[in-house]
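# Examining the three-dimensional arrangement
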Amino acid sequence: MTSLKERVEARLREDVCKACVFRTATGECSLEGVRDCPILTRVDTIIEIVRGIDSPDVAPYAQALREAVCANCEHQHPDGTCRLRDRLDCALDDYFTWIVNIVDEELAATE
Ligand code: SF4
Ligand code: SF4
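Here the structure is a predicted model, which is why all the values come from computation and not from measurement.

Within the element layout of this structure, E106 appears in helix α6 (residues 96–110). For E106, the side chain forms a polar contact with the side chain of R7, separated by 2.8 Å.

Here's what the structure looks like:
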């Protein structure tokens with residue numbers, strides 16, 4: 001039986017990667033060798049964020065993302081800004097609402 005993390009990761013690769021702006025025409029990730037994927041390197045933390053919140057509004061999830069991920073991310077400046085986020089160059093931020101929905105669905109399937 002596959003674990004929750006394995007199922008979430010498979011969905012992220014299947015759904016989000018396929019639509020991601022960093023995906024090349026030949027199906028590779030253009031970030032490879034440049035920087036880590038901000039989503040696939042943080043699956044555990046993303047699951048914990050979604051597990052800890054139950055809201056129809058994305059704002060509390062986004063707030064938790066800032067606190068649990070962005071605050072510890074090398075790309076965030078001390079003043080809380082992030083150039084990648086501002087340029088829509090962080091796939092985790094770009095697709096966050098979709099990612100929350102995927103994790104929510106997989107958590108519901110677990111219960
Ligand atoms: S940045 Fe992450 S989500 Fe986007 S294609 Fe690369 S591995 Fe997939
Ligand atoms: S939005 Fe910026 S600080 Fe937050 S995870 Fe993405 S790159 Fe890191």
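Past the structure itself, the notes keep going.
Now for the site of ligand 2. Taken together, R42, V69, C70, C73, H75, Q76, C82, L84, R85 and C90 make up the full set of residues adjacent to ligand 2. Class assignment of the residues belonging to the shell around ligand 2 gives a composition of six nonpolar, two polar and two charged.

How two helices sit against one another is set out by the angle between their axes and by the gap between those axes. It is at 10 Å that the axes of helix α2 (residues 43–51) and α6 come closest, and there the two elements cross at 75 degrees. On the basis of the axis angle, α2 is roughly perpendicular to α6. Two secondary-structure elements touch here, α2 through I46, I47, V50 and R51 and α6 through I99, V100, V103, D104 and L107.

Grouped together as the largest cluster of nonpolar side chains are 31 residues, with contacts concentrated most on L12, I39, L92, I99 and V103. Elements with a minimum of two residues in this core: α1 (4–19), α2, α3 (59–68), α5 (91–94) and α6. Non-local contacts of L12, meaning those with residues more than four positions away in its chain, are made with C17, I39, L40, V43, I99 and I102.

Parameters and conventions
- Residues numbered from 1 in each chain as written.
- Chains lettered and ligands numbered in written order.
- Predicted model: local features only at pLDDT ≥ 70, side-chain atom pairs only at ≥ 80, totals over all residues.
- Heavy atoms only, no water.
- Helix = DSSP H or I, 4+ residues; strand = E, 2+ residues; numbered from the N terminus.
- Polar contact = N/O pair within 3.5 Å; in protein donor to acceptor, adjacent residues only side chain to side chain.
- Near = heavy atom within 4 Å.
- Nonpolar A, V, L, I, M, F, W, Y, C, P; charged D, E, K, R; others polar.
- Axes fitted to C-alpha atoms, helices over the stretch in contact; angles between N-to-C directions.
- Parallel < 35°, antiparallel > 145°, perpendicular 65-115°, else oblique.
- Contact = heavy atoms within 4.5 Å.
- Core = buried A, V, L, I, M, F, W, Y, C linked by side-chain atoms within 4.5 Å.
- Buried < 20%, exposed > 50% of the residue type's maximum accessible area, 1.4 Å probe, protein only.

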